[in-house]
Amino acid sequence: MRIVTGSDHGGLTLKAALVARLRAQGHDVEDVGTHDASSCDYPDFAIPVGNAVASGAADFGLLVCGTGQGMAMTANRIPGVRAAVVADTFTARATRQHNDANVLCLGERVVGPGLAGDILDAFLAATFEGGRHTGRIAKFTALEKA
């Protein structure tokens, strides 16, 4: 899979561990930054990740900040992005199966690296179930055009 990642300074350490995990699993990973611990703004990384996913340049996005919330709020402004903040493996699977999430948002101050790795694996392994969920997604994606 082609996965694009980004983080601000608050998610740098966790992102680095997850990028290493993804590459070890054989995924093609593009890391748009940040690459150092200097204070920076999460939208500067959520926007290019969201754009890559929305355009089809990447299969999935991974965003990490302190809580995951700012990244998700920003990425979800981009039409075609369905970003989800996740802190457990059940939600990681369900958000893919029921909501067709395409960007995983994590909080470095919320989940440790072991759990974050399990969440990432569960997210990537799950597939969208379609069916009744398709109509529900159509209802909220219609808002992108409103």
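Structural data are supplied above this passage.
Read on for a plain summary of the structure.

A separate point is the packing of helix 4 (residues 89-99) against helix 5 (residues 113-125). Helix 5 packs onto helix 4 with a crossing angle of 25 degrees between their chain directions and a minimal axis gap of 8 Å. Taken together, helix 4 and helix 5 sit at an angle that is classed as roughly parallel. The way helix 4 lies across helix 5 gives a crossing that is right-handed. For the pair helix 4 and helix 5, contact is made by Thr89, Ala92, Arg93, Thr95 and Arg96 and by Asp118, Ile119, Ala122 and Phe123, respectively.

Let us look at helix 6 (residues 132-141). Taken as a whole, helix 6 has its buried residues at His133, Ile137 and Thr141. Viewed along the axis of helix 6, the buried residues span an arc of 70 degrees, placing them on a single side of the element. Facing away from the buried side of helix 6 by more than 90 degrees, the exposed set consists of Arg132 and Lys139.

Pairing within the open sheet is parallel, and its five strands lie in the order 2-1-3-5-4. Either end of the sheet is taken by a strand with one partner, and the two such strands are strand 2 (28-31) and strand 4 (83-85). Taken over all neighbouring pairs, the strand axes of this sheet differ in orientation by 20 degrees on average, direction set aside. Relative to strand 5 (residues 103-107), strand 3 (residues 60-65) is paired through five bridges, and the arrangement is parallel. Note that in strand 5 the partner of valine 64 across the bridge is leucine 106.

The subject of this paragraph is the nonpolar core. Residues Leu62, Leu104 and Leu106 are the most contacted members of the largest nonpolar core, which totals 22 residues. Among the elements of the structure, helix 1 (12-24), strand 3, strand 5 and helix 5 are those that each provide at least two residues to this core. The element that contributes the greatest number of residues to this core is helix 5, accounting for six residues. Non-local contacts of leucine 62, meaning those with residues more than four positions away in its chain, are made with Ile3, Val4, Thr5, Gly6, Leu18, Leu22, Val49, Leu104, Leu106 and Leu120.

Rules of the game
Residues numbered from 1 in each chain as written. Predicted model: local features only at pLDDT ≥ 70, side-chain atom pairs only at ≥ 80, totals over all residues. Heavy atoms only, no water. Axes fitted to C-alpha atoms, helices over the stretch in contact; angles between N-to-C directions. Helix = DSSP H or I, 4+ residues; strand = E, 2+ residues; numbered from the N terminus. Parallel < 35°, antiparallel > 145°, perpendicular 65-115°, else oblique. Left-handed = near helix turned anticlockwise from the far one by under 90°. Contact = heavy atoms within 4.5 Å. Buried < 20%, exposed > 50% of the residue type's maximum accessible area, 1.4 Å probe, protein only. Arc of directions from axis to C-beta. Pairing = 2+ DSSP bridges. Core = buried A, V, L, I, M, F, W, Y, C linked by side-chain atoms within 4.5 Å.

By themselves, these figures tell us nothing about what the structure is for.
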